[in-house]
Amino acid sequence: MTLFDVYPLFDINIVKGKGCHVWDENGTEYLDLYGGHAVISVGHAHPHYVEMISNQVATLGFYSNSVINKLQQEVAARLGKLSGYDNYSLFLINSGAEANENALKLASFHTGRTRVISFSKAFHGRTSLAVEATDNPKIIAPINANGHITYLPLNDTEAMKAELAKGDVCAVIIEGIQGVGGIQIPTTEFMQELRKACTEHGTVLILDEIQSGYGRSGKFFAHQHTGIRPDIITVAKGIGNGFPMAGVLINPMFKPAYGMLGTTFGGNHLACAAALAVMDVIEKEKLVENAANIGNYLLDELKKFPQIKEVRGCGLMIGMEFAGPAKEIRNRLIHEQHVFTGASGTNVIRLLPPLCLSKAEADEFLNRLRKVLD
């Protein structure tokens, strides 16, 4: 058997990580400014994270959701306090796509409606309804194209209000900051008007904070920069620092019922240990504040590069848009300067480093980028 060939791969085999650095099988060290798609939140192989997971798997790695799991209760209490949503409920699953799938299901149970508003360039996952809400026809199979979704331009307040006024919209799903879409940021005015319109028309507002949440934007959730409170928030990626885990934060207006949602692996003991370790480190090392400070520094410095057409972002979620294709720049960063970055579309390079990135490491990246661009 061979692997199903769906990923274009760099010819690099990463075998070790520490903090904001990774090493390949030949011992070459790379500066990691991508964190494996924004997954590595507290740094590779953080000692507290390693200890928590090791101790848990040596005790009990998994048992089913048919019994009490006090670690789940602890994750919910800690996450509520840390995020500012301590009156919400938490449903734990394994991936961002599952989180959005369950959020949309909850919204439909609640409203009885089936139409969903999403936005141009949105990415919400690859499962049935999540991929339908993703603005990329290349990855929507015919079986997923069921006519549930209306795509609107991001930040177009009038178009949004007109659709919601029809009174048949189940949910609006929007990213706190669009990641795959190229670090596109909803404006504060748009988000506040969206919140008002959803409330007025009985539509559920879902904030997809899978990439933009967990401290990455310099606040715990990116939408908190706009002063709104959504009805449902989805999280994944940074929640487990590499261990597959995700969550749905649910407003008290939703009433649970046995069998409404379910999962086999979601919220397992090992995943909860990972999540608790991540929250420990975020709090102790003040990583949300660090993301804000280092992110602001990087944004300011990157705007000084004349070769970059536009710099967008918030905290340690940054997009660099070039006038032309950025593929060669990214390839040179990896192969010549040993820096991992991400991409979006043709012209945008994305930076999504671990939240523990230091100023010295930020400066090292800027120096290596300068060598590629000069």
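Residues numbered from 1 in each chain as written. Predicted model: local features only at pLDDT ≥ 70, side-chain atom pairs only at ≥ 80, totals over all residues. Heavy atoms only, no water.

Caption draft 1: View of the overall build of the chain. What the chain contains, in helices and strands, is 11 helices and 15 strands. Over its C-alpha trace the chain gives a radius of gyration of 20 Å, about what one expects of a compact globule, namely 21 Å for 374 residues. Taking the principal axes of the C-alpha coordinates as reference, the chain spans close to 55 × 55 × 45 Å. Relative to its 374 residues, the chain shows a buried fraction of 54%. In the chain, 73% of the contacts between residues at least 6 apart in sequence involve partners at least 24 apart. Of the roughly 16,900 Å² of accessible surface on the chain, 54% is carried by carbon and sulfur atoms. Within the chain, one finds 34 positive and 38 negative side-chain charges whose respective centroids are separated by 2 Å. (Helix = DSSP H or I, 4+ residues; strand = E, 2+ residues; numbered from the N terminus. Rg over C-alpha atoms; globule rule 2.2 N^0.38 Å. Buried < 20%, exposed > 50% of the residue type's maximum accessible area, 1.4 Å probe, protein only. Contact = heavy atoms within 4.5 Å. Areas by Shrake-Rupley, 256 points an atom, 1.4 Å probe, with all protein chains shown as cover. Lys, Arg positive; Asp, Glu negative; His and termini not counted. Charge placed at Lys NZ, Arg CZ, Asp CG, Glu CD.)

Caption draft 2: Examining the side chain of Glu132 more closely. Tracing the chain through its elements places Glu132 in helix α5 (residues 128–132). Buried Glu132, no salt bridge; nearest opposite-charge side chain is Arg115, N-O distance 11 Å. In terms of polar contacts, Glu132 uses its side chain to reach the backbone amide nitrogen of His148, at 2.8 Å. Apart from the residues within four sequence positions on either side, Glu132 is in contact with Thr127, Ile140, Asn144, Ala145, Asn146, Gly147, His148, Ile149 and Tyr151. (Salt bridge = Lys/Arg side-chain N within 4 Å of Asp/Glu carboxyl O. Polar contact = N/O pair within 3.5 Å; in protein donor to acceptor, adjacent residues only side chain to side chain.)

Caption draft 3: Region of the structure containing the packing of helix α2 (residues 47–59) against helix α8 (residues 269–284). Two elements in contact, α2 and α8, have axes whose closest approach is 9 Å; the angle formed by their N-to-C orientations is 155°. Overall, the two elements α2 and α8 adopt an arrangement that is roughly antiparallel. Along this stretch, α2 crosses α8, giving a crossing that reads as right-handed. Residues His48, Tyr49, Met52, Ile53, Gln56 and Val57 of α2 lie in contact with α8, whose contacting residues are His269, Leu270, Ala273, Ala274, Leu276, Ala277, Val278, Asp280 and Val281. Its residues assigned to classes, the contact of α2 with α8 shows 11 nonpolar, 3 polar and 1 charged. (Axes fitted to C-alpha atoms, helices over the stretch in contact; angles between N-to-C directions. Parallel < 35°, antiparallel > 145°, perpendicular 65-115°, else oblique. Left-handed = near helix turned anticlockwise from the far one by under 90°. Nonpolar A, V, L, I, M, F, W, Y, C, P; charged D, E, K, R; others polar.)

Caption draft 4: Spatial organisation of the nonpolar core. Ranked by internal contacts, the top residues of the largest apolar core, which has 59 residues, are Tyr214, Leu298, Leu302, Ile308, Met320, Phe365 and Leu369. Here this core takes 11 residues from α8, the largest share from any one element. If sequence neighbours within four positions are ignored, Phe365 has contacts with Leu31, Leu33, Leu298, Leu302, Met320, Val339, Thr341 and Leu351. Ile93, Ala107, Ile206 and Ala246 belong to the second largest nonpolar core, which has 24 residues in total. (Core = buried A, V, L, I, M, F, W, Y, C linked by side-chain atoms within 4.5 Å.)

Caption draft 5: Broad picture of the pattern of salt bridges. Applying the stated criterion across every chain, the model contains 14 salt bridges. Residue Glu193 pairs with Lys161 through a salt bridge whose shortest N-O separation is 3.0 Å. You can see Glu193 sitting in helix α7 (residues 188–201) and its partner Lys161 sitting in helix α6 (residues 157–164), a full 32 residues away along the chain. One connected set of salt bridges, linked through shared partners, spans Arg115, Glu163, Lys166 and Asp168.

Caption draft 6: Up close: the packing of aromatic side chains. Counted by the stated rule, this structure contains 7 aromatic pairs. Residues Phe62 and Phe265 carry aromatic rings whose centres are separated by 5.7 Å and whose planes lie at 55° to one another, so their mutual orientation is tilted. Taken as a pair, Phe62 in the loop between α2 and α3 (70–83) and Phe265 in the loop between β10 (246–250) and α8 lie far apart in primary sequence, 203 residues in all. Relative to Phe220, the ring of Tyr214 lies with its centre 4.8 Å away and its plane at 55°, an arrangement referred to as tilted. Tyr214 sits in the buried class, given a relative accessible area of 2%. (Phe/Tyr/Trp six-rings, centres within 6.5 Å; stacked < 30°, edge-to-face > 60°.)

Caption draft 7: Representation of the pairing of strand β11 (residues 310–314) in the model. Taken across its 5 residues, β11 has 4 buried, putting it largely inside the fold. Of the strand pairs in this sheet, β11 and strand β12 (residues 317–321) are connected by 5 bridges, and their pairing is antiparallel. Considered in β12, the bridge of Glu310 is made with Glu321. Counting the residues that bridge the hairpin from β11 to β12 gives 2 residues, and of these Gly315 lies at a positive phi of roughly 60°. (Pairing = 2+ DSSP bridges.)

Caption draft 8: Geometry of unusual backbone geometry. Look at Ala45: it is not a glycine, yet its phi comes out positive at around 55°. Relative to the helices and strands, Ala45 resides in the loop between α1 (35–38) and α2. Here Ala45 falls in the partly exposed class, since its relative accessible area comes to 33%. Non-glycine residue Lys237 carries a positive phi angle of around 40°. Mapped onto the secondary structure, Lys237 falls in the loop between β9 (232–235) and β10.

Caption draft 9: Representation of the environment of His223 in the model. Along the chain, the position of His223 falls in the loop between β8 (204–208) and β9. Given a relative accessible area of 1%, His223 falls into the buried group. Between the C-alpha atom of His223 and that of Gly213, which follows or precedes it by 10 residues, the distance is 8.6 Å. Excluding anything up to four places from it in sequence, His223 contacts Tyr85, Met191, Leu207, Glu209, Ile228, Pro230 and Ile233. For His223, the side chain forms a polar contact with the side chain of Tyr85, separated by 2.7 Å.

Caption draft 10: Local environment of helix α10 (residues 327–335). Within the sequence span of α10, burial applies to Ile329, Arg330, Leu333 and Ile334. Along α10, the residues classed as buried sweep out an arc of 130° about the axis, all on the same side. Facing away from the buried surface of α10 by more than 90 degrees, the exposed residues are Lys327 and Glu328. Structurally, α10 contributes buried residues whose contacts are with β3 (29–32), β13 (339–340), β14 (342–344), β15 (348–351) and α11 (359–373). (Arc of directions from axis to C-beta.)

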